[in-house]
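Okay, here's what each chain looks like letter by letter:
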Amino acid sequence: MDRPKGKLLASSALDAKDEQEEKLERHQATVAALLNGLSEREGNDALTAHACKGAPQHEEVCLGLLSIILMEPSQASRAYSDMTLVSRDGLGLVLAKTNQILMEKFLKLHDVSRTQMAWLIREIVKNGVIGADTVCMSFLKQIAGGDTSSKNVWIAESALEILVENKDWVIKNSLLIPIAVYTYLRVIVDHHGNAQLNILRQKEVDFCVTMLRERFMDCAVVGRDLVRLLQNVARIPEIDRFWRDMLHNPQSLSTQFTGILQLLQMRTSRKFLACRLTPDMETKLFYMMSKVRFGQQKRYQDWFQRQYLSTSDSQSLRCDLIRYICGVVHPSNELLCSDILPRWALIGWLLTTCTSNVAATNAKLSLFYDWLFFQPEKDSIMNIEPAILVMHHSMRPHPAITATLLDFMCRIMPNFYPSLEPLVRQGVYSSLRSILEKRVLPSLSPLFDNPKMDRELRAMIRENFSEFTSSRSPPAEVRSEELPISESDNHVVERTKEEGCFDVLDAAFSDDEEEDRTKGLATKKLDLRFQPICDDEAEEPVDITQHAEQLDEALRERVFSLQRESDMETQCEVMQAIVEIILQMEDFESETASPLASCLVDLARDLFRGYILPEEVTEETLEESVGKPLYVIFRNLCQFQEDDDGFGVLLVLMSELYQKQPKVGYHLLYYLQASKVAEEKAILYESFAQATQLGDVYTCLMLDMKACQEDDVRLLCYLLPSVYTKFDDVALGNSELLNMIVAAIDSFQLQELVCQIMLGNVVMFRKDTVLNVLTTSLQWETFEQYATWHLFLAHGIPTDIIIPILQHLKYKDHPEALSCLLLQLRREKPTEEMVKLVLSRPWKTEDRFTTSILRHWALKNEETLAEHVKSLLIKNNTPPRKRQSLRSSSSKLTQLTLEQMLEHLDNLRLVSSPRQTFFSQMPILQALQHVQASCDEGQKSRFSDLFALAEDFEDSSSKPTRNRRKAPVASSPRSNKKAPPPTSNDDEDTGSSQSDEEEMKPKSVKRKRKTSAMGSDSD
């Protein structure tokens, strides 16, 4: 039987009826019956009357009109108009259902319904409906990567038109901007080179460049993957110009942007990685990695490949899939210990089926991308785990995969960004150390010392990863090619219990291992296994001969003399002689500076290992602490002016020292702070930073403070006043630096910092950036957040500046910030903005924040609070038929609704003590009376006890003044519920007369209030 025309979803005769579709059809029939034979105004009244009967009827009308919009294009305009007038929740129900259809049913929609869906999204965006950004992001998610079919191109084009046409609205949505830019930067790759899509591609480029230039900091929240996407399209002229500005003139994009390193050190959030997979792709991948057993995945992989990876354009999708698997799919321990398909196996399959060299390189970069700037305290081990396990498990079945990944890892370090090579190496090494610390693998030696590898590759690995390789090759009598598998299997069985049984070869090797054990070779294998990670080696004396031989005779002699001397003063004299020699040299370049720096760093290794800040900080101990040979260079640097030749010579040496030993940076900061010679010489550090390979103060300072934090927290705290004072443009508003501080200090050091702030010695927060910093801190650990709030409160910054943070705070997720903010608000006199944001919090039984602060304000400032509550109640008491309520601001701020306010006030009534007079305040009673008149029956019933106060006020205010003294004191507030309603409610359209009555009422009531109060006193 053929399905009737005009239905929502396309399906065959064999498909079961969709429940959602049936429900929408029933609602559509209900609406059609209500509108049958009526004019537009009569129909609207009929729909409004039906929707006001209750929540089920409201849902019927709203979803019925939504069905008409999606199925009947000719009636869509009138249906949308009716829907905006009838809806009592700001189209919230409609948006929720629209979002559900987009995420679950979009692929099954008829073409007509898809077109109408785009029309509906355009309308709600154009009208600025609250929540339209969420629907818009769901629509963008339907754009499939690696797909240039006409339907997919249509989705990309339709979504782009909506964004471009409503640019002002887009700019107000800080989360939509990065999602849209991330989406279209990725889609440009698919559309580039296709002549038929040139016009669309140019529109996409223009949109992305406009957003990146005008709203760069909103886009920057994407993090390091924004750089990856920009690299893929950097040859397009418009993006190339932006790329050059980002590299060489970052301040032109934003004063808060310090350079590309800022992006590369920021981990990309899951929501951005997930937005590039359609809901259907996500569902299939999730099913494979949560339901399919390892070894039974082939048919699922074949289906996925036929569906999404069969075309030449789809090669680019592999990068999206790998980034999603690494960054979004983080299995639980229970799943890791099961026999479910592991992540590394799925990634290995994606790599082996890649047919394009360019796509293969991009796929490998996607796999290792989080390694390059990995920071254990910020990044997750789960992001880097798949890469190492792919290499480990591919050693036997796919040795070419292991070899090509190892080769890529060696080559990416010097070539990804040459000027940041030290940081890339540090990131990769940190990744490998974390892998060992977290026991992902017990040792990297089997992987890096595999004798089956090509000789050139093995040499490259030894050169780049000497820290993780064996010092010598395994003995010939031990079968080296078996050793890696044995070790790996032991670990995998220990970690995931059953993964070791997945590979037939692994199981076979267990027998071989038993045979070896019977032959007495187990001891040799155990020794080899632990050699690479043995740390208890005797310290060898410093050998600087190799570097010293590259120096001329005079310098070489002084360097060896420095090595021989043991007296500190004599060493300083020798160092002064070395400085004088290099200052007299006509051409002191890196050829001389590099070996000299190597010698000096090796000779000063004890200085870099110990603590430099004295236990007792006095002028004498500080001067003594800077009497080291290395600091002689700093002292000479302070004696020169910037334009002196000697200044440049010493900066060349300092740059080489910094390259060899990064701790030189914070030692210079310490010298500039502790030495009397270096007073008012902080500008020297800026010159030093610009002379290094890093090239800018921000990056250099952040790395130096990080190194200092890892080595000596006391020294970090000592340097903070100087850093925040002399480098305020870098330090103030820098949440990364603040997090570095609060993550390391203890309670005593926190107290010291608070005292320093209150003494005026340091300023760590600025009014224009404090809100962003506090918002960022919501993701930090508990002590870190409490420490941040203590430091903030010590500054005495007005609470009005940070009160908007309340919109971000959830009762269960952010108890630290909420408790600190509650105690701060307790000291404040409430303003209308404060009360508005407090009342804007969603009402939940367990969330006592709003009730707590309102009760305190009601005790201390009841008249002020009453006036503010009255003002907000009247402002938000907008009749439901007003269309302009749907055109409210699309700000991301939590919206204040009348029902929310009534919930909070009713809860406040329940916790108020009998002695409190807040609810007898005239402004509160007037506001409740005003609100009650426009509430529906459901609201009147729900808040009957609250409105009873207003009813009692109506009756008492309508009686003659002389009789009020005789009113029964103990009468129930509900006894007058049958009193006739106020005349102002008879006709909603008589706005002017109602307004006049409201203006007149307070004066007469005020006189009665005085009389009543006097009578009460006499009683």
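Residues numbered from 1 in each chain as written. Predicted model: local features only at pLDDT ≥ 70, side-chain atom pairs only at ≥ 80, totals over all residues. Heavy atoms only, no water.

Asker: Describe the overall build of the chain, and please don't skip the residues or the numbers.
Answerer: In terms of helices and strands, the chain carries 57 helices and zero strands. Across the 1019 residues in the chain, those meeting the buried criterion constitute 51%. Taking all contacts inside the chain whose residues are at least 6 apart in sequence as the whole, residues at least 24 apart take part in 73%. Within the structure as shown, the chain displays about 48600 Å² of accessible surface, and the carbon and sulfur contribution to it stands at 49%. (Helix = DSSP H or I, 4+ residues; strand = E, 2+ residues; numbered from the N terminus. Buried < 20%, exposed > 50% of the residue type's maximum accessible area, 1.4 Å probe, protein only. Contact = heavy atoms within 4.5 Å. Areas by Shrake-Rupley, 256 points an atom, 1.4 Å probe, with all protein chains shown as cover.)

Asker: Describe the packing of helix α8 (residues 150-165) against helix α11 (residues 198-214), listing the residues and the values that go with them.
Answerer: The N-to-C vectors of α8 and α11 enclose an angle of 40 degrees; their axes lie 11 Å apart at closest approach. Taken together, the axis directions place α8 and α11 in an arrangement best described as oblique. Here the hand of the crossing between α8 and α11 comes out left-handed. Residue-level contacts link Val153, Ala156, Glu157, Leu160, Leu163 and Val164 of α8 to Leu200, Lys203, Glu204 and Phe207 of α11. (Axes fitted to C-alpha atoms, helices over the stretch in contact; angles between N-to-C directions. Parallel < 35°, antiparallel > 145°, perpendicular 65-115°, else oblique. Left-handed = near helix turned anticlockwise from the far one by under 90°.)

Asker: Could you give an account of a negative patch on the surface, with specific residues and numbers?
Answerer: Together, Glu565, Asp567, Glu569 and Glu573 make up a negatively charged patch on the protein surface. Checked against the element boundaries, Asp567 lands in the loop between α32 (553-564) and α33 (568-584). (Patch = residues over 30% accessible without salt bridge, like charges linked within 9 Å, V, L, I, M, F, W, Y side chains within 5 Å. Salt bridge = Lys/Arg side-chain N within 4 Å of Asp/Glu carboxyl O. Lys, Arg positive; Asp, Glu negative; His and termini not counted. Charge placed at Lys NZ, Arg CZ, Asp CG, Glu CD.)

Asker: So, the packing of aromatic side chains: which residues are in play, and what are the values?
Answerer: Going through the model one piece at a time under the given rule, you end up with 27 aromatic pairs. Centroid distance Tyr184 to Phe207: 6.0 Å. Interplanar angle 75 degrees. Geometry classified as edge-to-face. Placement of Tyr184 in helix α10 (residues 176-191) and of Phe207 in helix α11 is noted, with a sequence separation of 23 residues between them. Here the two residues Tyr184 and Phe207 agree in accessibility, since each one is buried. Judged by centre distance (6.1 Å) and plane angle (50 degrees), the rings of Tyr429 and Phe468 are tilted. In this pair, Tyr429 sits in helix α25 (residues 421-437) while Phe468 sits in the loop between α27 (455-464) and α28 (483-496), placing the two residues 39 residues apart along the sequence. One residue, Arg114, lies across the ring of Phe106, its end atom 5.2 Å from the ring centre. (Phe/Tyr/Trp six-rings, centres within 6.5 Å; stacked < 30°, edge-to-face > 60°. Lys NZ or Arg CZ within 6 Å of the ring centre and 35° of its normal.)

Asker: Which residues make up the nonpolar core, and what values go with them?
Answerer: Of all hydrophobic cores here, the largest spans 307 residues; its most connected members are Ile388, Phe465 and Tyr670. Ranked by residues supplied to this core, first place goes to α10 with 10 residues. For Phe465, the contacting residues outside a window of four places in its chain are Met409, Cys410, Met413, Val428, Tyr429, Leu432 and Phe448. (Core = buried A, V, L, I, M, F, W, Y, C linked by side-chain atoms within 4.5 Å.)

Asker: I'd like to hear about helix α45 (residues 747-758), residue by residue, with values.
Answerer: If you check α45, its first and last C-alpha atoms are 17 Å apart, about what 12 residues at 1.5 Å a residue would give, namely 16 Å. Looking at the buried residues of α45, the elements they touch are α42 (713-726), α44 (735-742) and α47 (782-793). A side-chain oxygen of the first residue of α45 lies 3.2 Å from the backbone nitrogen of Phe748; this N-cap is Asp746. Following α45 by one or two positions, Gly760 has its phi on the positive side, about 85 degrees. (Expected span 1.5 Å × (residues − 1). Polar contact = N/O pair within 3.5 Å; in protein donor to acceptor, adjacent residues only side chain to side chain.)

Asker: Give me the lowdown on the packing of helix α39 (residues 664-674) against helix α41 (residues 697-711), citing residues and values where you can.
Answerer: The contact between α39 and α41 brings their axes to 8 Å, and the two run at 90 degrees. Our classification of the angle between α39 and α41 gives roughly perpendicular. Along the contact surface, α39 presents Gly665, Tyr666 and Leu669, while α41 presents Leu701, Asp704, Met705, Ala707, Cys708 and Asp711. Its residues placed into classes, the contact of α39 with α41 shows six nonpolar, one polar and two charged. (Nonpolar A, V, L, I, M, F, W, Y, C, P; charged D, E, K, R; others polar.)

Asker: Explain the pattern of salt bridges residue by residue, including any values.
Answerer: The tally for this structure, following the rule as stated, stands at 36 salt bridges. As a salt-bridge pair, Asp302 and Lys298 come within 2.9 Å of each other at their nearest N and O atoms. Here Asp302 pairs with Lys298, and both are found in helix α18 (residues 298-308), just four residues apart, close to one helical turn. Assessed through its relative accessible area of 26%, Asp302 is described here as partly exposed. Since its relative accessible area comes to 57%, Lys298 is described here as exposed. Between Lys378 and Glu736 there is a salt bridge; the shortest N-O distance is 3.2 Å. Of this pair, Lys378 sits in the loop between α22 (357-368) and α23 (381-393) while Glu736 sits in helix α44; the two residues are 358 residues apart in sequence, bridging distant segments of the chain. Taken together, the salt bridges that share partners define one network made up of Arg224, Asp225, Arg228, Arg323, Asp370 and Asp379.

Asker: Go over the environment of Glu60, please, and point to the residues and values.
Answerer: You can see Glu60 is positioned in helix α3 (residues 55-71). Residue Glu60 is classed as partly exposed on the basis of its relative accessible area of 24%. Separated by 30 residues in sequence, Glu60 and Thr30 place their C-alpha atoms 7.3 Å apart. Aside from chain neighbours lying at most four places away, what touches Glu60 is His27, Thr30, Val31 and His50.

Asker: Quick one: what's the story with unusual backbone geometry, residue by residue and with numbers?
Answerer: Trans peptide bonds make up the majority, and among non-glycine residues the majority have a negative phi. The backbone of Leu91 shows a phi angle near 65 degrees, a positive value even though the residue is not glycine. Leu91 sits in the buried class, given a relative accessible area of 1%. In this model, Arg439 sits at a positive phi of 60 degrees, which is unusual for a non-glycine residue. By the secondary structure assignment, Arg439 is in the loop between α25 and α26 (445-448).

Asker: Give me helix α21 (residues 343-352): which residues, what numbers.
Answerer: With nine of 10 residues buried, α21 is to be regarded as a mostly interior element. All buried positions along α21 are accounted for by Arg343, Trp344, Ala345, Leu346, Ile347, Gly348, Trp349, Leu350 and Leu351. Residues of α21 that are buried sit in contact with α17 (279-291), α18, α19 (317-327), α22, α23 and α24 (399-415).

Asker: So what's going on with the environment of Glu828? Which residues, and what values?
Answerer: Among the structural elements, Glu828 can be located in the loop between α49 (815-826) and α50 (832-839). Residue Glu828 is classed as partly exposed on the basis of its relative accessible area, which comes to 23%. Sequence-wise, Glu828 and Trp857 are 29 residues apart; in three dimensions their C-alpha atoms are separated by 8.8 Å. Only 3.4 Å separates the side chain of Glu828 from the side chain of Gln824, close enough to count as a polar contact.

Asker: An account of the environment of Arg827 is needed here, citing residue identities and associated values.
Answerer: In this fold, Arg827 is placed in the loop between α49 and α50. Take Arg827: its relative accessible area is 63%, and that puts it in the exposed class. Residues Arg827 and Lys860, spaced 33 residues apart in sequence, show a C-alpha to C-alpha distance of 10.0 Å. Within the structure, Arg827 has its side chain in polar contact with the backbone oxygen of Leu823 (distance 3.4 Å).

Asker: Kindly report on the confidence of the model for the chain, identifying the contributing residues and their values.
Answerer: Note: predicted coordinates in regions of low pLDDT should not be interpreted at a detailed level. On average, residues of the chain carry a pLDDT of 80, and 83% of them reach 70 or more. Considering only residues more than four positions removed or in separate chains, one finds that residues 1-6, a stretch of pLDDT under 50, has six contacts. Predicted confidence for residues 471-539 stays below pLDDT 50, and this span has 81 contacts to residues more than four positions away or in other chains. (pLDDT = per-residue confidence, 0-100.)

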